[in-house]
Amino acid sequence: KRPRQRGPPTKHSDTTSRYSITQDNDRLYKLREEQRKTWQEIAEVFKKEGRGNLTTNVIRVRFYRLKDKAVVWGDDEVERLKVAIADVEKRKWELVSAKMAELGGAEGRKFPAAVCERKAKVI
């Protein structure tokens, strides 16, 4: 096999813009959330405004990353998240125990959730 030739990275879209990223992000948020534009419409607006010839996929990924970063967690929400995770973890092993019983096995043995969890840590 011939080694792959290396060259400059390929560009999937023209991302040149005379606006700052913050300005582009603000415009993107307004177009999507406030004006309810489609991804294609947003791409056309960006191109007309000189914000770059971005593909709809690039715009969509950028929007969702922007939206994820905008989420602010309060202390009470962090605590609720921790409680929710602990509850799901506990239920997870109860489900594993139930699935073990459903799958059957030697002499219909039942394995409690705590036993399943300990064994899973070993294997």
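Thresholds, definitions, all that
Residues numbered from 1 in each chain as written. Predicted model: local features only at pLDDT ≥ 70, side-chain atom pairs only at ≥ 80, totals over all residues. Heavy atoms only, no water. Buried < 20%, exposed > 50% of the residue type's maximum accessible area, 1.4 Å probe, protein only. Helix = DSSP H or I, 4+ residues; strand = E, 2+ residues; numbered from the N terminus. Arc of directions from axis to C-beta. Contact = heavy atoms within 4.5 Å. Patch = residues over 30% accessible without salt bridge, like charges linked within 9 Å, V, L, I, M, F, W, Y side chains within 5 Å. Areas by Shrake-Rupley, 256 points an atom, 1.4 Å probe, with all protein chains shown as cover. Salt bridge = Lys/Arg side-chain N within 4 Å of Asp/Glu carboxyl O.

**A short note on helix α2 (residues 39-48)**
By the burial criterion, the buried members of α2 are Trp 39, Ile 42, Ala 43, Val 45 and Phe 46. Projection of α2 onto a plane perpendicular to its axis shows the buried side chains occupying an angular sector of 165°, all on one side. Among the exposed residues of α2, those pointing more than 90 degrees away from its buried face are Lys 47 and Lys 48. Check the buried side of α2 and you find it contacts α1 (21-34) and α3 (56-70). With its phi angle positive at about 75°, Gly 50 sits one or two positions after the end of α2.

**Some remarks on a nonpolar patch on the surface**
Judged by side-chain polarity, Val 71, Trp 73, Leu 81 and Ile 85 come together as a nonpolar surface patch covering roughly 400 Å² of accessible area. You can see Trp 73 is positioned in the loop between α3 and α4 (75-103). The exposure class assigned to Trp 73 is partly exposed, which follows from its relative accessible area of 49%.

**A closer look at the pattern of salt bridges**
On inspection of all chains with the given rule, the structure shows 11 salt bridges. Ionic pairing is found between Asp 24 and Arg 51, a salt bridge with its closest N-O pair at 2.7 Å. On the criterion of sequence distance, the pair formed by Asp 24 in helix α1 and Arg 51 in the loop between α2 and α3 is long-range, its members being 27 residues apart. Take Asp 24 and Arg 51: they sit in the same class, and that class is buried. As a salt-bridge pair, Glu 33 and Lys 67 come within 3.3 Å of each other at their nearest N and O atoms. You can see Glu 33 sitting in helix α1 and its partner Lys 67 sitting in helix α3, a full 34 residues away along the chain. Residue class for Lys 67 comes out partly exposed when judged on its relative accessible area of 35%. Put simply, Asp 24, Arg 27, Glu 49, Arg 51 and Arg 62 are held in one network by salt bridges that share partners.

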